[in-house]
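Letter by letter, the chains look like this.
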Amino acid sequence: MRISEIDYSSLPEHMQGGMRLYMEEGIEPGSFLMAVLENNLIEAFGRADNINRDRLFDFCQFLYNEAPNQCFGSPEKVKLWIEGFLTK
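Because the structure is a prediction, the values reported are computed rather than measured. (Residues numbered from 1 in each chain as written. Predicted model: local features only at pLDDT ≥ 70, side-chain atom pairs only at ≥ 80, totals over all residues. Heavy atoms only, no water.)

1. Regarding the packing of helix H1 (residues 13-25) against helix H6 (residues 75-86)
At a closest axis distance of 8 Å, the pairing of H1 and H6 adopts a crossing angle of 65°. It follows that H1 is roughly perpendicular to H6 by the angle criterion. Counting all contacts with H1, which are made through Tyr22, Met23, Glu24 and Glu25, the residues of H6 involved are Val78, Trp81, Ile82 and Phe85. For the contact of H1 with H6, the residue count by class is 6 nonpolar, no polar and 2 charged. (Axes fitted to C-alpha atoms, helices over the stretch in contact; angles between N-to-C directions. Helix = DSSP H or I, 4+ residues; strand = E, 2+ residues; numbered from the N terminus. Parallel < 35°, antiparallel > 145°, perpendicular 65-115°, else oblique. Contact = heavy atoms within 4.5 Å. Nonpolar A, V, L, I, M, F, W, Y, C, P; charged D, E, K, R; others polar.)

Following this line, the structure appears as structure tokens:
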């Protein structure tokens, strides 16, 4: 799957833009999305608004089904993903 073919519609509407900017342009997201991408469950719950807290499963499912493996899962992977766009 190409980055441009990612379907963001399973995410809450107010989060789709931030995820798109991260995935397609390497722009660092806010603290909630960063925690989700880094696989930090406790931080994600702590930083989530009411909608995102109820939809955390959807974020996990989105990453598993739509996102390239190299862009999420640990702080190191997220850092490398962002740095990859800075060098282009």
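Once you've had a look at it, read on.
2. Topic: unusual backbone geometry
Despite not being glycine, Asn39 has its phi angle at roughly 65°, a positive value. Here Asn39 lies in the loop between helix H2 (31-37) and helix H3 (41-47).

3. Regarding the nonpolar core
Ranked by internal contacts, the top residues of the largest apolar core, which has 25 residues, are Met19, Tyr22, Met23, Phe32, Phe59, Phe62 and Leu63. Those elements that place two or more of their residues in this core are H1, H2, helix H5 (56-66) and H6. Residue contributions to this core peak at 6 residues, all from H2. Not counting residues up to four positions away in its chain, the partners in contact with Phe62 are Ile6, Asp7, Tyr8, Ser10, Leu11, Met19, Met23 and Ala67. (Core = buried A, V, L, I, M, F, W, Y, C linked by side-chain atoms within 4.5 Å. Buried < 20%, exposed > 50% of the residue type's maximum accessible area, 1.4 Å probe, protein only.)

4. Comments concerning the pattern of salt bridges
Applying the stated criterion across every chain yields a total of 4 salt bridges. The shortest N-O distance in the salt bridge between Arg47 and Glu43 comes to 2.6 Å. With Arg47 and Glu43 both in helix H3 and 4 residues apart, this pair spans about one turn of that helix. By relative accessible area, Arg47 is classed as partly exposed at 45%. (Salt bridge = Lys/Arg side-chain N within 4 Å of Asp/Glu carboxyl O.)

5. As for the environment of Lys77
Position of Lys77 among the secondary structure elements: in helix H6. Classification of Lys77 as partly exposed rests on a relative accessible area of 34%. Expressed as a C-alpha distance, the spacing of Lys77 and Glu24, which sit 53 residues apart in the sequence, is 15 Å. Each residue touching Lys77, except ones within four places of it in the same chain, is listed here: Asn69, Gln70 and Phe72.

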